[in-house]
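Secondary and tertiary structure notes
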Amino acid sequence: MKIETEHLEDHQVKLTVEVDSDQLEASKRKAAKKIAKRIKVPGFRPGKAPYQVIRRQVGDDALFEESLEILVQDIYPDIIQEAEIEPYGPGNFENLASLDPLTLEFVVPLMAEVELSEYQEVRFPYELPEITDEDVTTVEDDFRQRQAVEETADRPVETGDHAYFKVSAKRYEEEGEAEEGNLIEERSSSVIVANEDADSSMEWPFDGFSRELIGMSTGEDKTLLYTFPEDSQFESLRDVTAEFSIEIEDVKARILPELDDEFAQSLGEYEDLEALEKDIRDSLEQRSEETYNSEYDDQVIDEIVEGSTIKYPPQMLENELNNVIQQLESRLANQGLDMDIYLKTREIDEEGLREETTPVAETRVKRSLVLLEIAKEEDIEVSEVELQEETERTLQSITQYMSEEDKKQFNQPTAMMNLAGNIYAELRMNRTLEYLRSVAKGESELAVEEEEPAEETSEDGDEEEQTVEMEVEEPAEAAAEETEEKPDTEVEIEESESDASESGESEVQTVEESEG
Amino acid sequence: MTTLHDILRRPIITEKSNYQAGDLNQYVFEVSMDANKQMIKDAVETVFDVDVARVNIVNVPPKRSRRWRNRRIKVRRSAYKKAIVTLEPGETIDVFEGVR
């Protein structure tokens, strides 16, 4: 068997294989055996006819065709091994170059190759947006508005009041022939009069309507003209001038609760105002940190992707593309739409959609490849204990709202394996991101030099604890026990260990112990 | 007058004959009804250029059977004479190659 390899541009390899004649002969005999089971030869029981008889019966061509299939299947693994390539997926049998000697051509997609840029050099300033007192106050005000008590006020409408009114509108015509153009039948409604600078775009019947009511008292009426803007969200009303007749029915003053401990207690289980504010601040901080982190990660990864050389076969892109489209489909399904309708409304066909999503898929492929490579480079792993824990947690949260039958189906081993696999990948990705973040922040240069990559991950273990491992105490012990048995798992174990011990020094000690 | 070449009608290729050819060095032919052992021996020796050790003859009787799924129509297979030719050890006939 002679193999020639030729690298193609799109990260595939073309293998030209010359097959030995006895290999072909062997596969021919196999093929004959296979055929014998299918066809009837007079004088022989099915499957018992000898090679020569079969050959006479079906002819050389048919036999050759059949044997080629078998041959390809048989020698493909050997070819891959001998050519010393790492295939990403199944190769394609391209063509039959020559018959004598039998020469086959395969095109095999290669495993993606990533040459990372100096990812440890990537630095971005990490500036978490700070939560100001104002932000907290805004949230508090929002709470207060919701808790407001209303009281009828015997005075003209003021800002902050809740005004009840009757309104009707008709199309305004200069000659006064407006009878047919009723826009709004007379009806009652209410509005909270907004601050002058507040966002009033959600007001009905038109933007800034509430401001028109200021100064009117109960029973008073008013007519006013309003021209809808050209970019109004109601298409039929664009550029239409309407005449509104308004009558105030009631004015209610809104009394906002005082910002004090009592208010805090009314909102939930808060001791006092301070606790409430702290909670608001915490949740705001958490949210802003999450959004900022994901933005930051994007930035970092994009930078690394930019500098790295990434080679991948088109099949990989195709796979990712399918994933993206599938995700889109399931999102649509959640909204009660299906793909056909979506395509129709977008006025593109599936081909177009694929083309459109290609760049997205491309970036996703590149990113995940880069992340994987970094994870490999830095030995970022997830221990079994953690994995199991996380899987159980996820499983619980998923099955919580499921019917018994669904649960049963879900508990099947394959489903479990899938889930575990996904979670594993996710945890690992998360870790890698954490690591990258800490590097990009410039926190862990020291650790890099020490060639102890796992330490970085544990150094920013604070965050990690929140996101990945909620209860670390017990598994950490369990993991530590494991250490002696499996030196390979050191890396992960250290992490959880350090979470428990919370000090850099003792970390190192544990490593040494387990190594010894 | 039957000539030498009319004696051997066709080789009989079945699972059984295949076994005989492979393990017993015996080759099975359908031969003309008026052939005798000597004639068959001569014929095989000249046509295939081999030495024949022994010839056995079986008269295969005619058989009647009904056609599949039809009780009325009778199918008849005529009788024929079958010769089992044993060659000297080490000699072979390639039945699939045909007459040389």
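Going along each chain's sequence as written, the residues are numbered from 1 onward. To label them, take the chains in the order written and letter them from A, then take the ligands in the order written and number them from 1. Whole-chain, interface and lining totals are the exception, using all residues; otherwise, since this is a predicted model, local features are given only for residues with pLDDT of at least 70 and side-chain atom pairs are given and counted only at 80 or more. Heavy atoms throughout the structure, all of them, feed into the side-chain values; hydrogens and water do not.

Think of it this way: any DSSP run of H or I at least four residues long counts as a helix, any run of E at least two long counts as a strand, and we number them from the N terminus. Along the backbone of chain A there are 18 helices and eleven strands. Three exposure classes are used, based on accessible area relative to the maximum for each residue type with a 1.4 Å probe and protein chains only: buried under 20%, partly exposed in between, and exposed over 50%. With 516 residues in all, chain A has 38% of them scored as buried. Across chain A, every contact between residues at least 6 apart in sequence was considered, and the portion connecting residues at least 24 apart equals 67%. In these tables, accessible area is a Shrake-Rupley quantity obtained with a 1.4 Å probe, and a residue counts as shielded only by the protein chains included in the view. Split by element, the accessible area of chain A, about 31,700 Å² in all, is 44% carbon and sulfur. For this analysis, residues touch if any pair of their heavy atoms sits within 4.5 Å.

Residues and elements named next belong to chain A. In these notes, a set of buried Ala, Val, Leu, Ile, Met, Phe, Trp, Tyr and Cys residues joined through side-chain atoms within 4.5 Å is what counts as a nonpolar core. Core analysis: the largest hydrophobic core is formed by 30 residues, its most contacted members being Val300, Ile310, Tyr312, Leu369, Val370, Ile374 and Leu436. When contributions to this core are tallied by element, the ones reaching two or more residues are α6 (273–307), α7 (314–334), α9 (350–377) and α12 (413–441). Top contributing element to this core by residue count: α9, with seven residues. If we ignore the near neighbours within four places in the chain, the residues touching valine 370 are Val114, Leu116, Ile304, Val305, Ser308 and Ile310.

A separate point is the interface of chain B and chain A. Facing the five residues of chain B at the interface are nine residues of chain A. Buried area adds together the accessible area that both of two parts lose upon being put together, with accessible area traced by a 1.4 Å probe. When chain B packs against chain A, close to 620 Å² is buried across both sides, 59% of that on carbon and sulfur atoms. Salt bridges are defined by distance alone: a side-chain nitrogen of Lys or Arg within 4 Å of a carboxyl oxygen of Asp or Glu. Here chain B and chain A share one salt bridge between them. Contacts described as polar in this section are N or O atom pairs within 3.5 Å, which, within protein, must combine one atom able to donate a hydrogen with one able to accept it, while residues neighboring in sequence count only if both atoms come from side chains. Linking chain B to chain A there are two residue pairs in polar contact (both at pLDDT 80 or more). Counted by class, the side of chain B that touches chain A contains two nonpolar, two polar and one charged residues. All amino acids are sorted into three groups, where Ala, Val, Leu, Ile, Met, Phe, Trp, Tyr, Cys and Pro are nonpolar, Asp, Glu, Lys and Arg are charged, and the leftover types, Gly among them, are polar.

Residue and element names in this part refer to chain A. With respect to the element layout, threonine 5 can be found in strand β1 (residues 2–7). What makes threonine 5 partly exposed here is its relative accessible area of 44%. Those residues within four positions of threonine 5 in sequence are excluded, and the remaining contacts are Val13, Lys14, Leu15 and Ala83.

Our next topic: the confidence of the model for chain B. Low pLDDT means the predicted atomic positions in that stretch should not be read closely. Values of pLDDT, which run from 0 to 100, indicate the predictor's confidence residue by residue. Mean pLDDT over chain B works out to 82, with 89% of the residues at or above the 70 mark. For this predicted complex, the interface score ipTM comes out at 0.74, alongside a pTM of 0.50.

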